[in-house]
Amino acid sequence: MKILLRLLLNMLAVIIVARVVPGIFVSGYMAAFLAGLAIAVVNTVLRPVLQILALPFSIITLGLFSLVVNAVLFWLAASFVPGVYVAGFWAAFWGSIVFSLVSLVTSV
């Protein structure tokens, strides 16, 4: 039950991101749900590996490179879902920041 609630909150976060960040478009609620699912899967599988690989850059930039890793993961997850469009890196960058803030507020 908690997983379903987390996915619904991810869907809500994707809808908010699409409304707030220019360059990110979501065609409907099903696409937003699938995008939330894709973000959860990509963050679970790829995020630890990319954070270890990017550790030297994160140390040099005092952790700011993790924002770039988040943007790339957000962009990658959105590319798997039909009906979700991210215009470019900067849209993914700001979208990942807004997504993280909404997830922080709605954390269960």
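It should be emphasised that the depicted structure is a prediction, and the values quoted were computed from it without experimental measurement. (Residues numbered from 1 in each chain as written. Predicted model: local features only at pLDDT ≥ 70, side-chain atom pairs only at ≥ 80, totals over all residues. Heavy atoms only, no water.)

**A closer look at the environment of Val84**
Then step 1. Along the chain, Val84 turns up in strand S2 (residues 84–86).
Then step 2. You can call Val84 buried: its relative accessible area is 13%.
Then step 3. Apart from residues lying up to four places away in sequence, Val84 is in contact with Phe25, Val26, Ala31, Ala35 and Ala78. (Helix = DSSP H or I, 4+ residues; strand = E, 2+ residues; numbered from the N terminus. Buried < 20%, exposed > 50% of the residue type's maximum accessible area, 1.4 Å probe, protein only. Contact = heavy atoms within 4.5 Å.)

**Quick notes on a nonpolar patch on the surface**
Then step 1. A surface patch of nonpolar side chains, about 500 Å² in accessible area, is lined by Met30, Leu34, Leu37, Val41, Val45 and Leu46.
Then step 2. Within the element layout of this structure, Leu34 appears in helix H2 (residues 29–45). (Patch = residues over 30% accessible without salt bridge, like charges linked within 9 Å, V, L, I, M, F, W, Y side chains within 5 Å. Areas by Shrake-Rupley, 256 points an atom, 1.4 Å probe, with all protein chains shown as cover. Salt bridge = Lys/Arg side-chain N within 4 Å of Asp/Glu carboxyl O.)

**Examining helix H1 (residues 2–20)**
Then step 1. For H1, which comprises 19 residues, the first-to-last C-alpha distance of 27 Å matches the rise-based estimate of 27 Å (1.5 Å per residue) to within 8%.
Then step 2. For H1, the full list of buried residues reads Leu7, Leu9, Asn10, Met11, Ala13, Val14, Ile15 and Val17.
Then step 3. At its buried positions, H1 is contacted by strand S1 (24–26), H2, helix H5 (65–80) and helix H6 (89–105). (Expected span 1.5 Å × (residues − 1).)

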